[in-house]
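Listed here are the chains, written in short residue letters.
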Amino acid sequence: MNILVSIKQVPDTTNIRINPETGTLVREGVPSIINPYDASALALASKLKRRYGAKITVITMGPPQAEAALKEAVEYGADRIILLSDRKFAGADTLATSYTLAETIKYLAGEAPFDLLLFGKQAIDGDTAQVGPGVARRLGVPLITYVVKVEKLDTETREIVVHRKTERGIEILKAPLPVLITCDREVGEPPFSPLSELIRAAKSKPEVFSAENPVPLERAKLGLKGSPTRVHRVFTPELKSPGERIFVSEAGVSTVVEKIITALKEKGVL
Amino acid sequence: MSNSFRYDVVVVGGGPAGLSAAMTCARHGLSVILLERGRFAGAKNLFGGVVYTESVLSLAPDLFSEKRLPFERPVTEEGWWLLSEDGVVKITHTEKGLYEKPPRAYTAFRARFDPWLAQKAEEAGVLVIPKVKVLDLICANGKVSGVLVDRPRDWESSELAEVRAPVTIISEGVNRLLTQKAGLIPRDFTPEEVALSVKEVIQLPKGEVEKRFGLSEDEGLAVELLGEATLGFPGSGFLYTNTTSVSLGVGLFLSDFAEKGLKPYELLENLKKHPVMARLLSGGETLEYGAHLIPEWGLEGLPRLCGEGVMVVGDAAGLVNPLFREGTNLAIYSGIMAGKAAVFAHEKGDFGHETLKLYEEAFRESYIYRDLKYFRRLKKFLRENRSLFADYPEIINRVLHLYLSAQGRAKEEVFQEIFGLFRKRRGLTGLLRDFVKTFRFFKGW
Ligand SMILES: Cc1cc2nc3c(=O)[nH]c(=O)nc-3n(C[C@H](O)[C@H](O)[C@H](O)COP(=O)(O)OP(=O)(O)OC[C@H]3O[C@@H](n4cnc5c(N)ncnc54)[C@H](O)[C@@H]3O)c2cc1C
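Keep in mind that this is a model prediction, so the values were computed, not measured. (Residues numbered from 1 in each chain as written. Chains lettered and ligands numbered in written order. Predicted model: local features only at pLDDT ≥ 70, side-chain atom pairs only at ≥ 80, totals over all residues. Heavy atoms only, no water.)

Brief notes about the sheet that holds strand 1 (residues 2-7) of chain A
All names here are of chain A. The strand order across the open sheet built from nine strands is 11-10-9-12-8-1-6-7-13, with neighbouring strands paired in mixed fashion. At either margin of the open sheet sits one strand with a lone partner, and together these are strand 11 (169-176) and strand 13 (207-209). For this sheet the average axis-to-axis angle between neighbouring strands, irrespective of direction, equals 30°. Two strands pair when backbone bridges link them, and strand 1 and strand 6 (residues 55-61) are joined in this way by six bridges, in the parallel orientation. Bridge pairing in strand 6 places Leu 4 opposite Thr 57. Helix 2 (residues 67-76) rests against strand 1, strand 6 and strand 7 (80-84) of the sheet, and its axis sits at about 165° to strand 7. Running at roughly 180° to strand 12 (residues 179-183), helix 4 (residues 131-139) makes contact with strand 8 (116-120), strand 9 (143-154) and strand 12 of the sheet. (Pairing = 2+ DSSP bridges. Helix = DSSP H or I, 4+ residues; strand = E, 2+ residues; numbered from the N terminus. Axes fitted to C-alpha atoms, helices over the stretch in contact; angles between N-to-C directions. Contact = heavy atoms within 4.5 Å.)

See below:
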């Protein structure tokens, strides 16, 4: 199996502050971590590798310091790490990022195609949740977002069964490989890596890809130039409450009907 | 044996002592692994802190070619603030010499300084491995031949990994569990032998550090706080200015916290409420809070610094001089000395005590040892002269207040009041005794 994981280095939000004047994140002096959902994606890859045997390639786009995130990925069992780093990538929004990542993945797949492409469901510093889907679309592979569990992976029939969390509940989906999955927290716990892996991580050095080499990218689609997004305002959206769920099969029809009537009366509808 | 990794030297703990030792060994061509339990070097650590440039230069001679120094501000004004209940007498010093390049000392954060040092160590070839806790030493026939860690060797094995080396350097800091296991100390420390210090980093609005402390952008203030800061108990507080924040802390002997039922954070809260402090810190936002022990067992508690295949450096050995804010620099110096002994041992191919004692000998010739001897009575002196903390800061505040507000009164009366104050608080013989004792202490008698 050939697994690709795409990760992002983000500021550690336990220490994060918002600049009250500009509304932007204060990044100075804040330690960086692997975006937690991406770490879960890595944890899943690590689990699958130990279970089925796999080669894990990890890519990230970021400044030279993002090397630290890739080295940490080796602790999860990554075999190849690639840093997309170039001044021309700076200021990329989700459109430019998806383009850059997708082109790189296409190039890498030319050497050996990927069976599974793992992304975090979103990055905690932007929360857009658009990059994974954007890449899937560009690669023309099926996409499953918000995955919380891999139930089954059949390397013979090349099929995967996953659980996907939605506001309405859990969906159980089957997809053929290759597939791109965006991961939620529950998908995998970071492993307690052995010493051999920590040593390998400390010694590892990522391959660095620029905007031209080895993948020639279109300048106009990169970084700030390729990013039409303009931030209007940053705010925390209200959480949609999932509502109360009662199963008729468990509670019985009359209880459920009664509950509905009471609820409607409380709201003044009845 | 298949469970072990082999190196020339294994170092336990990625503080300044361990990093210095490791760096010294690696620069002489030895293969060195350094194991640190924190997420990165410095992650779990905290200090005041003032770093003395000379010690850093002895590790990184090209320090000033760095794009960004791992420090906050050069220290250009230093001294003591004697706090009374609501007042302060400031005794600080500055002179041209403190502005010369390179600056003598800098304020710094461990979370930045240690990773920088770790990067230097990596550049020297040290394999720095964080997130690994050393559980035990591997000993046979009184000889240490490596360490046992809390991680398995590889994905397939569940057994804990061993890291073997003919030389193990213990730089575990104040909680010296392994030092004890190595048989270099007979017992652990008592609460009388360590200070517990709490510290906050308080962020001030941009430009306010300069405004409030009368500094320009490349000036820094570092003062120790005496008197009310410790509620009159032996100990001290500190206030160090960083680029846009202030490090404020206070520490007492652990035994005093326990005996008086004081809570460390209450002591710090109390200090922050002092009118002088409150004014200086108003509108500040706490970025960081932490507590840490400081070894003050001094000469009495000094371990044997080396055994068979093992050496101990830095805080684990108790190399701290609280009066002069020395700890980080002593950690660095001891690390370098031990590192040199490890190199010598590898040249000789002998790792016994007889060879490693090169470190102990160098140590005994250094000023660190001379100071430990000179101040061997420090704890006793502090404990027996509590009035230095409980009475004098208050008296000095009162005296200055009386003198400075004497206008419109008969000065004879004012002076009588001043002398009366001394007489009441200490008595004339008390004064004399305090003076003689202090003099004797600083004479090293
Ligand atoms: C509040 C406070 C203020 C201070 N102010 C100053 C100051 O202004 N100037 C100054 O020079 N000094 C100051 N010091 C003292 C200074 O911080 C220490 O002397 C110095 O850090 C000692 O360095 P070290 O490397 O010996 O130990 P440490 O810095 O404590 O490093 C020990 C390291 O070992 C690791 N470790 C421990 N056990 C294990 C294990 N079993 N396995 C793996 N890793 C382990 C720890 O995580 C830690 O990183 C201050 C200390 C405190 C607490």
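Text resumes after the structure shown.
What about the interface of chain B and chain A?
Of the residues lining the interface, 21 residues belong to chain B; the matching set on chain A comes to 21 residues. Buried surface at the junction of chain B and chain A, both sides included, amounts to about 1,700 Å², of which 67% is carbon and sulfur. Its largest share of buried area at the contact with chain A, chain B owes to Arg39(B), Arg151(B) and Trp155(B), together 39% of the area lost on that side. Between the two partners, chain B and chain A, sit two salt bridges. (Buried area = accessible area lost by both parts, 1.4 Å probe. Salt bridge = Lys/Arg side-chain N within 4 Å of Asp/Glu carboxyl O.)

Concerning the site of the ligand
All names here are of chain B. Every one of the 35 residues lining the ligand counts as a neighbour, but Glu 36, Val 50, Arg 110, Asp 315 and Thr 328 are closest to it. Take Ala 17: an N or O atom from its main chain is 2.9 Å from an oxygen atom of the ligand. Against a free-state accessible area of 1,000 Å², the protein chains account for coverage of 95% of the ligand. Looking at the shell around the ligand, the elements with two or more residues in it are helix 1 (16-27), strand 17 (285-295) and helix 9 (328-348). Per-element accounting of the shell around the ligand gives the leading share, three residues, to strand 17. Considered class by class, the residues forming the shell around the ligand number 14 nonpolar, 13 polar and eight charged. When residues of the shell around the ligand are assigned to domains, at least three fall in each of domain 1 (9-37 + 132-189 + 298-374) and domain 2 (191-295). (Near = heavy atom within 4 Å. Polar contact = N/O pair within 3.5 Å; in protein donor to acceptor, adjacent residues only side chain to side chain. Areas by Shrake-Rupley, 256 points an atom, 1.4 Å probe, with all protein chains shown as cover. Nonpolar A, V, L, I, M, F, W, Y, C, P; charged D, E, K, R; others polar. Domains from an automatic or database assignment.)

A few points about the UniProt feature "domain: FixC-like C-terminal" (unreviewed entry) in chain B
UniProt records the feature "domain: FixC-like C-terminal" (unreviewed entry) at residues 379-441 of chain B, using the numbering of this structure. The straight-line gap between the two end C-alpha atoms of residues 379-441 of chain B is 11 Å; of that span, 83% is helix and 0% is strand. (UniProt positions renumbered as here; feature names shortened; annotations may be inferred.)

Looking at the pairing of strand 11 of chain A
Residue and element names in this part refer to chain A. Judged from the eight bridges that link them, strand 10 (residues 159-166) and strand 11 form a sheet pairing that is antiparallel. Considered in strand 11, the bridge of Arg 164 is made with Glu 171. Linkage of strand 10 to strand 11, two consecutive antiparallel strands, is achieved through a turn of two residues.

Quick notes on the domain arrangement of chain A
Buried accessible area, meaning the area lost when the parts come together, often serves as the stated size of an interface. Considered domain by domain, chain A is made up of domain 1 (2-221) and domain 2 (238-270). Spacing between the C-alpha centres of domain 1 of chain A and domain 2 of chain A amounts to 40 Å.

Things to note about helix 5 (residues 195-203) of chain A
Note: α-helices contain 3.6 residues per turn, so residues at a spacing of three or four share the same orientation. Every buried residue of helix 5 of chain A is listed here: Leu195(A), Glu197(A), Leu198(A), Ile199(A) and Ala201(A). For helix 5 of chain A, the secondary structure elements touched by its buried residues are helix 2 of chain A together with strand 1 (4-6), strand 3 (32-35), strand 8 (127-129), strand 10 (143-152) and strand 11 (160-164) of chain B. (Buried < 20%, exposed > 50% of the residue type's maximum accessible area, 1.4 Å probe, protein only.)

With respect to the nonpolar core
Leu35(B), Ile169(B), Met311(B) and Phe363(B) are the most contacted members of the largest nonpolar core, which has 82 residues in total. The leading source of residues in this core is helix 9 of chain B, at eleven residues. Excluding anything up to four places from it in sequence, Ile169(B) contacts Val9(B), Val10(B), Val11(B), Val12(B), Ala21(B), Cys25(B), Met311(B), Val313(B), Ala338(B) and Ala342(B). With 38 residues, the next largest nonpolar core counts Ala54(A), Val58(A), Ile81(A) and Ile144(A) among its residues. (Core = buried A, V, L, I, M, F, W, Y, C linked by side-chain atoms within 4.5 Å.)

Points about the pairing of strand 10 of chain A
Residues and elements named next belong to chain A. With respect to burial, strand 10 is a largely interior element, six of its eight residues being buried. When strand 9 meets strand 10, the two strands line up antiparallel, connected through six bridges. If you follow Val 147 over to strand 10, its bridge partner there is Arg 164. Turn length for the strand 9-strand 10 hairpin, with the two strands adjacent in sequence and antiparallel, is four residues, and the turn residue Arg 158 shows positive phi of about 55°.

Considerations on the UniProt feature "domain: ETF-QO/FixC ubiquinone-binding" (unreviewed entry) in chain B
Taken from the UniProt record, the annotation "domain: ETF-QO/FixC ubiquinone-binding" (unreviewed entry) applies to residues 235-293 of chain B. Note that residues 235-293 of chain B is 41% helix and 42% strand, and that its end C-alpha atoms are spaced 13 Å apart.

What to know about a nonpolar patch on the surface
Residues and elements named next belong to chain A. A contiguous nonpolar surface patch, about 700 Å² in accessible area, is contributed by Val 248, Val 253, Val 257, Ile 260, Ile 261, Leu 264, Val 269 and Leu 270. Counting residues per element, the nonpolar patch draws most heavily on helix 7 (residues 253-266), at five residues. Positionally, Ile 261 belongs in helix 7. For Ile 261, a relative accessible area of 35% corresponds to the partly exposed category. (Patch = residues over 30% accessible without salt bridge, like charges linked within 9 Å, V, L, I, M, F, W, Y side chains within 5 Å.)

Things to note about the packing of aromatic side chains
Tallying each qualifying case throughout the model produces 15 aromatic pairs over all chains. An angle of 85° between the planes, with centres 5.3 Å apart, marks the rings of Tyr374(B) and Phe375(B) as edge-to-face. Given the relative accessible area of 12%, Phe375(B) is considered buried. Look at Phe441(B) and Phe442(B): their rings are 5.1 Å apart centre to centre, the planes differ by 75°, and that puts the pair in the edge-to-face class. An aromatic cluster is defined as three or more aromatic residues linked by ring pairs; in this entry it consists of Phe324(B), Tyr374(B), Phe375(B), Phe381(B), Phe441(B) and Phe442(B). Taking the ring centre of Tyr37(A) as reference, the NZ or CZ of Arg185(A) above it sits at 5.7 Å. In this structure, Lys90(B) is placed above the aromatic ring of Trp81(B), and the distance from its NZ or CZ to the ring centre is 4.4 Å. (Phe/Tyr/Trp six-rings, centres within 6.5 Å; stacked < 30°, edge-to-face > 60°. Lys NZ or Arg CZ within 6 Å of the ring centre and 35° of its normal.)

A look at the sheet that holds strand 16 (residues 245-253) of chain B
Residue and element names in this part refer to chain B. One open sheet holds the seven strands; their spatial order is 6-5-14-15-16-13-17, and the pairing between them is mixed. Of all the strands in the sheet, just strand 6 (88-93) and strand 17 have a single pairing partner and so form its edges. Taken over all neighbouring pairs, the strand axes of this sheet differ in orientation by 20° on average, direction set aside. Here strand 13 (residues 194-203) pairs with strand 17 via ten bridges, running antiparallel. Across the sheet, the residue bridging to Ser 197 is His 292, located in strand 17. Each of strand 5 (77-83), strand 13, strand 14 (221-227), strand 16 and strand 17 touches helix 7 (residues 264-273); the most contacted strand, strand 16, lies at about 130° to it. Helix 14 (residues 392-404) contacts strand 5, strand 6 and strand 14 of the sheet and is inclined by roughly 90° relative to strand 5.

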